[in-house]
Number of protein chains: 2
Amino acid sequence: MSEFDLINQFFKQGTVKRDDVLLGIGDDCAILSPPPGRQLAVSTDTLISGVHFPENTAAEDIGYKSLAVNLSDLAAMGAEPAWASLAITLPAADQSWLKRFMLGFNELASKYKVALIGGDTTRGPLSITVNITGFVKPENLLRRNQAKHGDKIFVTGTLGDAGIGLNAVLNNLPLDHGLNYCIKRLNRPRPQIEAGLLLSPFSVAAIDISDGLLADLKHICIASQCGAIVNLENLPLSDALLQYYNNQPDWQPILGGGDDYELCFTSSQNNVEDIKNILQLNKIDISCIGEITDSLEVNCLFNNQLVDIQHDGYNHF
Amino acid sequence: MSEFDLINQFFKQGTVKRDDVLLGIGDDCAILSPPPGRQLAVSTDTLISGVHFPENTAAEDIGYKSLAVNLSDLAAMGAEPAWASLAITLPAADQSWLKRFMLGFNELASKYKVALIGGDTTRGPLSITVNITGFVKPENLLRRNQAKHGDKIFVTGTLGDAGIGLNAVLNNLPLDHGLNYCIKRLNRPRPQIEAGLLLSPFSVAAIDISDGLLADLKHICIASQCGAIVNLENLPLSDALLQYYNNQPDWQPILGGGDDYELCFTSSQNNVEDIKNILQLNKIDISCIGEITDSLEVNCLFNNQLVDIQHDGYNHF
């Protein structure tokens, strides 16, 4: 099967058609018509087999996750998803694998109306690079550098589940309901697109938690030239996680493990009630986990006692 | 050295600044302002070590080529280059290698005013994926499906040099002036951006020759529902190639070898003189190599005798 047969069979028949895609897969370039008055938000993420997902991960889950982690970057800017390019490197032209990969990819693409506009298919060790473009109104951009002394710090959803899921997969732990939930959180992260769009009219700093809460919160603090206090007793934890830790959470993997893909954002005291209300109306759970300070440090407190957390994020090199 | 140190040291200080890049590397997404009245042309190409370039290729050349092959896709649409994302997977954080890689990348980025707007740096077997965006006027788009019966077929530059260069590198041939020229053609392909822009006001079909002339011409014929005759005696061949073949060219590698990155385009008889004049004025060499037919076949003739060419392009799988 040639590269072109693969393209025709698996990539060209995307489920999402958009009027702003004037020419999709099949020429030297895709031709796109950006909407007037909007800016483009663009991000790229690569997933490597054995690094970003365990080697035995199901093809559907890899397809889903490769789009999800990119959508998560759009969420952190308050952008509306539009177009994706998919560069996939495969050890062999395994049609069954590709079909299942695209099932997972297209499931999420359909949900967020993302058109697959192009890409490349090459042979080599399994690796997927997605380039995603979304639209933002210039005045509604979520930036990392908007945090201010006294702002409250929030996160969506719960933290630490994906790290437990990874541990369960890598160490072949006997699975129960809770571990299955955590593995799902690892393989099928939910990009917080709706939360990003709802937050975008407010002047908040935001980032998606891909490298671990502490590492990502530090990015906000560095960009905003501020510090933060995190109150560990307020971290949102799932029942599955509490059960796994027998109600004695181990903070290090919760704060330093990656793959949560929740949003971390800050809000001035004035906006806290409005933000809480609008997210609650849209059934998005958020938790206040701390406060921005004027120091340049990120410190963790548990019942007002300083806790020393060693590791603060995944490092590739 | 962390991923973030790498980003700061090697990628953030791009040499090209553009007013339409409102936010470059350093947040969750880049923020871009597309020009009014233009459409976007977007393409993605992955280069894998040992597949798209020999493993011992110099870092500068890999950096140059990874941008060049993407620019070549913009050239084939008649687009003006603007923004690039760079996803690079590296076996180790080799700072000297990265510095040299970016020297090659930035050399070409500076020439065509391409801003590096983002990307991803991951660890694994060496592989580079570039996503490129250019601008086109809606009325000036070069498409593959514009070829018509009776059109003349042209190519820019010369064909087959890169294939000889690859052969020289892979088989450690003793180098002379001609082989060094062919290796340079392999490692430093010149994207035909100017030719694409000059051709864009004419209604021509165009494609860049990345998989070999015959394979790429067939893409034009399939998209345009036509056929073609290629007159082999008219193929533009370099002195280095003729010397290598002792003036007895082997057509198969010349027609089927990839990596030429010249443009192949068609023109109605009416436009031939105008196109020749404007390209000559801009010192771009073109050769008429054949004619579009109303059959659905691509045939090669040498002095009016049919020549059977077996292989017609690189296939990844």
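Sequence positions are assigned chain by chain, starting from 1 and proceeding in written order. Key to labels: chains lettered from A, ligands numbered from 1, both in the order written. Confidence filtering applies because this is a predicted model: local features only for residues at pLDDT of at least 70, side-chain atom pairs given and counted only at 80 or more, and all residues used for totals across whole chains, interfaces and linings.

### A word on the confidence of the model for chain A
In low-pLDDT regions, the fine details of the predicted coordinates are not to be read closely.
Then step 1. Considering every residue of chain A, the mean pLDDT works out to 93; 97% of them sit at 70 or more.
Then step 2. Note on the complex model: pTM 0.93, ipTM 0.93. Think of pLDDT as the predictor's per-residue confidence, scored from 0 to 100.

### Overview of the environment of A:I153
Residue and element names in this part refer to chain A.
Then step 1. Runs of H or I in DSSP of at least four residues are treated as helices and runs of E of at least two as strands, each being numbered from the N terminus. By the secondary structure assignment, I153 is in strand 7 (residues 152-156).
Then step 2. A C-alpha to C-alpha distance of 5.7 Å links I153 and I289, two positions 136 residues apart in sequence.
Then step 3. Working definition of a contact: two residues with C-beta atoms, positioned from the backbone, lying within 7 Å. Residues contacting I153, with those up to four places away along its chain left out, are A228, C264, T266, C288, I289, G290, E291 and I292.

### Description of the domain arrangement of chain A
All names here are of chain A.
Then step 1. Domain segmentation is taken from an automatic or database assignment of domains. Segmentation of chain A into domains returns domain 1 (3-139) and domain 2 (142-307).
Then step 2. The centre of domain 1, based on its C-alpha atoms, is set 26 Å off from the matching centre of domain 2.
Then step 3. If you look at the interface, domain 1 gives 19 residues, while domain 2 gives 20 residues.
Then step 4. When residues of the side of domain 1 that touches domain 2 are traced back to their parent elements, those giving at least two are helix 2 (59-77) and strand 4 (80-90).
Then step 5. Element by element, the count of residues in the side of domain 1 that touches domain 2 is highest for helix 2, at 12 residues.
Then step 6. In terms of residue class, the side of domain 1 that touches domain 2 is made up of 12 nonpolar, 3 polar and 4 charged. Gly is put with the polar residues, along with every residue not named as nonpolar or charged; the nonpolar set is Ala, Val, Leu, Ile, Met, Phe, Trp, Tyr, Cys and Pro, and the charged set is Asp, Glu, Lys and Arg.

### Things to note about the pairing of strand 12 (residues 298-302) of chain B
Residues and elements named next belong to chain B.
Then step 1. By the convention used here, strands pair only if DSSP detects at least 2 bridges between them. Both strand 9 (residues 227-231) and strand 12 contribute to a ladder of 4 bridges, which runs parallel. Counted as the bridge partner of I229 is N299 from strand 12.
Then step 2. Pairing of strand 12 with strand 13 (residues 305-307), which is carried by 3 bridges, proceeds in the antiparallel orientation. Bridge assignment links L301 to a residue of strand 13, and that residue is L306.
Then step 3. Counting the residues in the hairpin turn of strand 12 and strand 13 gives 2 residues, including N303, whose phi is positive at 45 degrees.

### Some remarks on helix 2 (residues 59-77) of chain B
Residue and element names in this part refer to chain B.
Then step 1. In this model helix 2 runs 28 Å from its N-terminal to its C-terminal C-alpha over 19 residues, within 8% of the 27 Å that 1.5 Å per residue would give.
Then step 2. Among the 19 residues of helix 2, 17 are classified as buried, and the element is accordingly described as predominantly covered.
Then step 3. Directly beyond the C-terminal end of helix 2, a positive phi value near 75 degrees is found at G78. What a helix is expected to span follows from its residue count: subtract one and scale by 1.5 Å. Exposure classification rests on a simple neighbour count of other C-beta atoms within 10 Å of a residue's own: a residue reaching 20 or more is buried, one at 12 or fewer is exposed, and one in between is partly exposed. C-beta atoms are placed from the backbone.

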